[in-house]
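Fold and geometry: a report
The residues making up each chain are set out below.
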Amino acid sequence: WTGARRQRLAEAFPGERLVVPAGSFKVRSYDTDYRFRADTAHTWLTGNQTSDAVLVVEGGDAVLYARPRSSRDTDEFFRDRQYGELWVGRRPSLREISDSLGLATRHLDELPAALSGSAKTRVLRGVDASVDARVAADEGRDEEFARVLSELRLVKDEWELGELQTACDRSEEHTSELQSHHD
């Protein structure tokens, strides 16, 4: 379903580079972050829920730039409170992300090169400050991109309708159970 969603988005902006970040950790207090939740539009287009990832759609191709798991031969594994596996658990590798999402995946370090050049670029702003800083803003273009993306998400595909139906069915079952306990 995500591939068809990306295709519809690309068709709305032919010949342009579209950038949709997942977002990053938000500080709660000094050295404690809020629990991470990926931006809804990013998840809707990719299925990805890892932090710091950025979807770039250009020329009919979609690439997810992501932070891979840390290996044991780096300081990150042992010392990084946000990304170190020793502290926060295992993140998927780039290959695992690609295989699970059916999406080309590259290292996040390659993102600056992917965003360089003179291609007309639209960014979903306000999700990731580092992405916002990398691409010159065009307020009208970026606002239109956010609006179109939001409108595309209003029309539910078959999978989303099934999920909504499942939620309604479970809610109805729960309500019936509660009612039977009161009787």
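This report concerns the structure included in the present document. (Residues numbered from 1 in each chain as written. Predicted model: local features only at pLDDT ≥ 70, side-chain atom pairs only at ≥ 80, totals over all residues. Heavy atoms only, no water.)

Quick word on the sheet that holds strand E1 (residues 17–21)
Stated formally: Pairing between strands requires that DSSP locate at least two bridges from one strand to the other. To qualify as a helix, a DSSP run of H or I must reach at least 4 residues; to qualify as a strand, a run of E must reach at least 2; elements of each kind are numbered from the N terminus. An axis is simply a line fitted to the C-alpha atoms; with a helix, the fit covers only the stretch in contact. Between two such axes, the angle follows the N-to-C directions and lies from 0 to 180 degrees. Residue contacts are counted whenever heavy atoms from the two residues lie within 4.5 Å of one another.
One open sheet holds the five strands; their spatial order is E6-E5-E4-E1-E7, and the pairing between them is mixed. Unpaired on one side and paired on the other, strand E6 (104–107) and strand E7 (121–123) mark the two borders of the sheet. Each strand of the sheet is rotated relative to its neighbour by a mean of 25°, with strand direction disregarded. Direction of pairing for strand E4 (residues 54–58) relative to strand E5 (residues 61–66): antiparallel, over a ladder of five bridges. Considered in E5, the bridge of valine 57 is made with alanine 62. Each of E1, E4 and E5 is contacted by helix H1 (residues 2–12), which is oriented at about 55° to E4, the strand it contacts most.

Let's talk about the side chain of threonine 105
Where we set the bar: When a residue's accessible area, from a 1.4 Å probe over protein chains only, is under 20% of the maximum for its type it is buried; when over 50% it is exposed; and in between it is partly exposed. Under this definition, polar contacts are N or O atom pairs within 3.5 Å; protein pairs additionally need one hydrogen-donor-capable and one acceptor-capable atom, and for neighbouring residues in sequence, both atoms have to be side-chain atoms.
By secondary structure assignment, the location of threonine 105 is in strand E6. On the basis of relative accessible area, threonine 105 is assigned to the buried category, the value being 16%. Separated by 3.0 Å, the side chain of threonine 105 and the backbone oxygen of leucine 103 make a polar contact. Sequence-distant contacts of threonine 105, that is, excluding residues within four places in its chain, are made with Leu64, Ala66, Leu94, Ile97 and Ser98.

Side note on the packing of H1 against helix H8 (residues 139–154)
As a reminder, the rule being used: Reported orientations rely on four angle classes, namely roughly parallel under 35 degrees, roughly antiparallel over 145, roughly perpendicular from 65 to 115, and oblique for the rest. Handedness of a helix crossing follows the sense of rotation of the near helix relative to the far helix, less than a right angle counterclockwise being left-handed and clockwise being right-handed. The nonpolar class holds Ala, Val, Leu, Ile, Met, Phe, Trp, Tyr, Cys and Pro. Asp, Glu, Lys and Arg form the charged class, and all remaining residues, Gly among them, are polar.
Look at H1 against H8: their axes get within 11 Å of each other, and the N-to-C directions meet at 140°. Considering the angle they form, H1 stands oblique to H8. Regarding H1 and H8, the two cross each other, and that crossing is right-handed. Where H1 approaches H8, its residues Arg8, Leu9 and Ala12 are matched on the opposing element by Phe145, Val148, Leu149 and Leu152. Its residues assigned to classes, the contact of H1 with H8 shows six nonpolar, no polar and one charged.

Observations concerning helix H9 (residues 158–182)
Let me state the cut-off plainly: For a helix, the expected span equals 1.5 Å multiplied by the residue count minus one.
Taking 1.5 Å of rise per residue, 25 residues should cover 36 Å, and H9 covers 36 Å from first to last C-alpha, within 8% of that figure. The residue sitting at the N-terminus of H9 and contributing the capping side-chain oxygen is aspartate 157; that oxygen lies 3.3 Å from the backbone nitrogen of tryptophan 159.

Here we look at the environment of serine 118
Looking at the element boundaries, serine 118 is found in the loop between helix H6 (111–115) and E7. Along the primary structure serine 118 and arginine 17 are separated by 101 residues, whereas in three dimensions their C-alpha atoms are 9.9 Å apart.

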